[in-house]
Structures are given as structure tokens and as C-alpha cells.
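A structural walkthrough
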Amino acid sequence: MRPLAERMRPLTLDDYVGQEHLVGTDSVLRQSILSGRLPSFILWGPPGVGKTTLARIIAETLDRPFNALSAINSGVKDVRETISRAKKQRFFDSPNPILFIDEIHRFSKSQQDSLLGAVEQGVVTLIGATTENPSFEVIPALLSRCQVYVLEPLSKEHLIQMVDAALKKDEYLSKLNVAIDSYDALLHYSGGDGRRLYNLLELVTNFAKEGEQFNITNELVQEKIQHNIAAYDKGGEQHYDMASAFIKSIRGSDPNATVYWLARMLEGGEDVKFIARRMIIAAAEDIGLANPNALLMATTAFDAVRKIGMPEGRIILSQAAVYLATSPKSNSTYLAIDAALDMVRKTGNLPVPLDLRNAPTNLMKNLDYGKNYKYSHQGANNFIAQEFLPDELSGKSFYEPGNNPAEQKIRERMAFFWKEKYGYLKK
């Protein structure tokens, strides 16, 4: 049996719920649809507000071939094959086929580049769907060839309308004797997402029996959701829970758990750039100077994923994640900057010592700015002992080398230079 969200998917503009500013009477997009002069455009809005549904309705209304790709699973090859197929669907003066790309923000630059020619030449009319700001996620060349329409979250009235319609019109739910005592829990847990709302309604009504009265209460909804819903939610609690598990697995040097949580996030549709950004932070916070190459690896992985996209990007993420998990760990620089920030907040704006100040003018030189500063490269080993902190903080240590081979060498070097000033010889 098809899911309720699919069974209730509207087929015409008149059945479409919400987005009156786009598809209501005399709205810009509706007039474009009815006139048949449809530009390429991007639908930008939160999940579950009808982006895919609207694209399908437009294709059905205009009687155009509809080709759909998901940016999560499609590569440049898929785009080219779809465009080639679209060319074959055009006969004489027939209108352009519609190419719908869900989550277009996940397409890499090369994947988006592969669309340009077909859009510019009118081989296809592109409809892209995105939950991210297209100004940041869609390349300028493609964005300039498209209109951008913003979809709003579904209102409480829209969501209630959808629930009532499902109970009245759905081929299965209409046979049940279901009453809604309160909509509050359904609306709360749906988060304005129509698809999630239908999933929740279907979950709860699965417990109803034909011929028996079934009342949906807030308590019932909460109970059934807590026991049955374990879906990954990019905007909810599991988004942060899984990211936390991923980072803690890296920190704990467990490559197996690391790739497991990576897989969970990828399978749940997590933005690969979010994952890559988290790895950059982990490389600095948890690995640091124990393996400085970790930050280079994570940064390179971020750039590579942006260029390659999915699904191949999963391989790059896996390589970087395993590298980070198996690297030696140190949070010494993380602790150092926090300790320094804490001291700044406690001591305020201590003056910069005169010898460390810049002296670009004669007046500043006359005020002894830069006087007695010693140029480090003129000393043995490019070092001359001198005070670089404000007098009030002289000898205060913020950075403590970690207990790993790389930072042990740093400790030895600092002890050689600074002797006992910062306490490095005492360890």
C-alpha cells in the first residue's frame, strides 16, 4: 500500500494546499502556468511544503514530459542521460520537457554546470527544489537563468485542512471512524512539514479498527511517536545527536563507529557540507598539533566534496573521517585559546608593550613606539628572549603541549628557548 502522503498528493492547482502567493488566483506563477510560458525556476522552502508536488502538478497541467532526478543519488552522467532523453522527447514545436531536480543545492559545481547548456538552449525547463538559500548554493550562471520562488511553511490552518481531507477522502482512512480530540500534538510534531504530518497521522491511525470509534488525543500521538518514530530529522534532535555521536567517535579514535555514524547521516540525507565542516572543527579541536595534517585533510575533503558532490562524495568523507579517527589526539590548542579568552575577559584591555607597538610615523617613534624591540631572526636559532605579553601577565602560560610525540618535540623546543619562564622545563 502506498504511503498516505503519496495517496493524498494533490493532482491539480485547485487541490494544492498553501502557497497562495504563488498559485492563488492572479498569482505570478499561476499566470505563467496557465499561459504556458513557463520559465526555468527554483522553488526554495522548508521540507514538506509541496515543492515536488507543485512541480508534478505543473507538468500535468501543461501536459509536458516530466523527468525527475534526486541530487542525492544522481551524478553528471545521470544529468546528461536525462537531457539526452529530453531532446528525444521534443517533437517539432512541442513544449520543453520539464527536468525536476530535488535538493538541487546538493549538486556540485560540475553537476550544475552540466545543466547550463540545456537550460539556456531551451532543451528543458528546469525546476529545482531546495531547502537552502539558492544565492549561496546554486552557481551564479545557473541562478541567473532561473526565477526563484519562495515557499512558506504551512500554517496551522493548512495542516488542519490536510488532516481533515485525509480522514474524509483517503480510500482507507475514510472507512474508519476517527475523531480528532486535539490537533496540537500532530501539528507540533509535524513541524509545519506536510509530508511528516501525513506520516504521523498514518502511524497513529494504524491502531484504529474498522467499525470502532477511534479518538486521536495529544497523549495518544505522543505515545505512538515515542515508540515508533526513529527517522533521521535534519532539523530536529537526531540531527544533533548523530552529529555528536560522529564527532565523539572521531575523538575516541574509533574508526568503525565513525563510519557507522557517517553512514547514518548520509542515509538520512544530511548535507555533506555540514558533515565536512564538522570534521574541520574536529581536526582542530580534537587532533590539533598531534597531527597538523589532519586539518589539511579535513579542509581538502570539504573542498573536494563541494566539487564532486554525491554519491561519490561519500568516499571522500569516509577517507577523511577514518583518517581523523585514527590520528593521535590533542586538544591543547583548543584549551589554549579558551584560557587566553578567559584571561582577556578577566583583565580587560591591557596596553600593548611599547616595544611591540607599530611605529609608522615620527610622532609614534618619539613616543618610543617600537623602541628596544629585538628582531628575532637576528638571534641564534632565530630566537631572542624578550617579553611579548603585557607586564601584568608576564610568565602566564596558556598553551600546554599535549602528551604525544609531535607536541613532545614542541615542549622540548619551548623549554630550550624559554627555560623556566612558562614552566615547560618542570614537566
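Residues numbered from 1 in each chain as written. Predicted model: local features only at pLDDT ≥ 70, side-chain atom pairs only at ≥ 80, totals over all residues. Heavy atoms only, no water.

1. What to know about the packing of aromatic side chains
All told, the structure shown has eight aromatic pairs when counted by the stated rule. Centroid distance Tyr260 to Trp261: 4.8 Å. Interplanar angle 75°. Geometry classified as edge-to-face. In this structure Tyr260 comes out as partly exposed when scored by relative accessible area, which is 42%. On the accessibility criterion, Trp261 (24% relative accessible area) is partly exposed. Grouped by ring-pair contacts, the aromatic residues Phe383, Phe388, Phe416, Phe417, Trp418 and Tyr422 constitute a single cluster. (Phe/Tyr/Trp six-rings, centres within 6.5 Å; stacked < 30°, edge-to-face > 60°. Buried < 20%, exposed > 50% of the residue type's maximum accessible area, 1.4 Å probe, protein only.)

2. Notes on the side chain of Asn96
As for its placement among the helices and strands, Asn96 is situated in the loop between α5 (76–88) and β3 (98–102). Polar side-chain contacts of Asn96 include one of 3.5 Å to the side chain of Thr125. (Helix = DSSP H or I, 4+ residues; strand = E, 2+ residues; numbered from the N terminus. Polar contact = N/O pair within 3.5 Å; in protein donor to acceptor, adjacent residues only side chain to side chain.)

3. Focus on the confidence of the model for the chain
In this model, the chain carries an average pLDDT of 84, and 94% of its residues clear a pLDDT of 70 or more. Model confidence for the chain, summarised as mean pLDDT per element, is weakest for helix α12 (residues 218–228) at 73 and strongest for helix α17 (residues 313–326) at 93. (pLDDT = per-residue confidence, 0-100.)

4. Overview of the nonpolar core
Within the largest apolar cluster, 53 residues are counted, with the highest numbers of intra-cluster contacts made by Ile58, Leu201 and Ile216. Considering each element in turn, this core owes the most residues, seven residues, to helix α9 (residues 156–169). Beyond its immediate chain neighbours, meaning those up to four positions away, Ile58 contacts Ile33, Leu38, Phe41, Ile98 and Ile127. Counting 26 residues, the second-largest nonpolar core is a separate cluster that includes Met242, Leu262, Leu266 and Leu324. (Core = buried A, V, L, I, M, F, W, Y, C linked by side-chain atoms within 4.5 Å. Contact = heavy atoms within 4.5 Å.)

5. Here we look at the side chain of His105
Residue position: His105 is located in the loop between β3 and α6 (109–120). Relative accessible area serves as the criterion here: at 3%, His105 is assigned to the buried category. A polar atom in the side chain of His105 sits 2.9 Å from the side chain of Thr130. Filtering out sequence-adjacent residues up to four positions away, His105 remains in contact with Thr130, Thr131, Glu132, Glu137 and Lys273.

6. Observations regarding helix α11 (residues 194–205)
Over its 12 residues, α11 runs 16 Å from end to end, which matches the ideal 16 Å to within 8%, given 1.5 Å per residue. Among the 12 residues that make up α11, nine are buried, leaving the element largely enclosed by the rest of the structure. Every buried residue belonging to α11 is among Gly194, Leu197, Tyr198, Leu200, Leu201, Glu202, Leu203, Val204 and Thr205, and all of these are buried. Put simply, Asp193 is the residue that caps the front of α11, since its side-chain oxygen is 2.9 Å from the backbone nitrogen of Arg195. (Expected span 1.5 Å × (residues − 1).)

7. Structural notes on unusual backbone geometry
One non-glycine residue, Ser253, lies in positive phi territory at about 60°. Here Ser253 lies in the loop between α13 (237–251) and α14 (255–267). Although it is not a glycine, Asp368 sits at a positive phi angle of roughly 70°. Relative to the helices and strands, Asp368 is located in the loop between α19 (362–366) and α20 (405–418). A relative accessible area of 31% means that Asp368 is categorised as partly exposed.

8. Some details on empty space enclosed by the protein
Scanning all chains against the criterion turns up one cavity of 30 Å³ or more. By volume, the largest cavity amounts to about 40 Å³. Surrounding the largest cavity, Ile72, Arg106, Leu266, Gly269, Glu270, Val272 and Met310 form its lining. Here the lining of the largest cavity is built from residues that sort into four nonpolar, one polar and two charged. (1 Å grid on protein atoms, 1.4 Å probe; cavity = no way out; pocket = protein on both sides within 12 Å on 5 of 7 lines; lining within 4 Å. Points joined across faces, edges and corners; volume = space filled by probe spheres on them. Nonpolar A, V, L, I, M, F, W, Y, C, P; charged D, E, K, R; others polar.)

9. Things to note about helix α18 (residues 332–347)
Each α-helix winds once per 3.6 residues, and so residues spaced three or four apart point in a common direction. The end-to-end C-alpha distance of α18, which contains 16 residues, comes to 22 Å, matching closely the 22 Å that a straight helix rising 1.5 Å per residue would cover. Listed as buried for α18 are Ser332, Ala336 and Met343. The buried side chains of α18 occupy one side of the element, clustering within an arc of 40° when seen end-on. (Arc of directions from axis to C-beta.)

10. Quick word on the pattern of salt bridges
Across all of its chains, the model carries 12 salt bridges by this definition. Measuring nitrogen to oxygen at the nearest pair gives 3.7 Å for the salt bridge that ties Glu285 to Arg251. Highlighted residues: Glu285 in helix α15 (residues 272–287) and Arg251 in helix α13, separated in sequence by 34 residues. The class of Arg251 is partly exposed, set by a relative accessible area of 36%. Across the pair Glu387 and Lys421 runs a salt bridge whose closest N-O atoms are separated by 2.8 Å. With a gap of 34 residues between them, Glu387 in the loop between α19 and α20 and Lys421 in the segment after α20 connect regions that are remote in the sequence. For Lys421, a relative accessible area of 26% translates into the label partly exposed. Because the salt bridges share partners, they merge into one network encompassing Arg7, Asp170 and Glu202. (Salt bridge = Lys/Arg side-chain N within 4 Å of Asp/Glu carboxyl O.)

11. Describing the environment of Gln386
Here Gln386 is to be found in the loop between α19 and α20. Taking the C-alpha atoms as reference points, Gln386 and Ala71, separated by 315 residues in sequence, lie 57 Å from one another. If sequence neighbours within four positions are ignored, Gln386 has contacts with Asp355, Tyr373, Lys374, Ser376, Trp418 and Lys421. There is a polar contact of 2.8 Å between the side chain of Gln386 and the backbone oxygen of Lys374.

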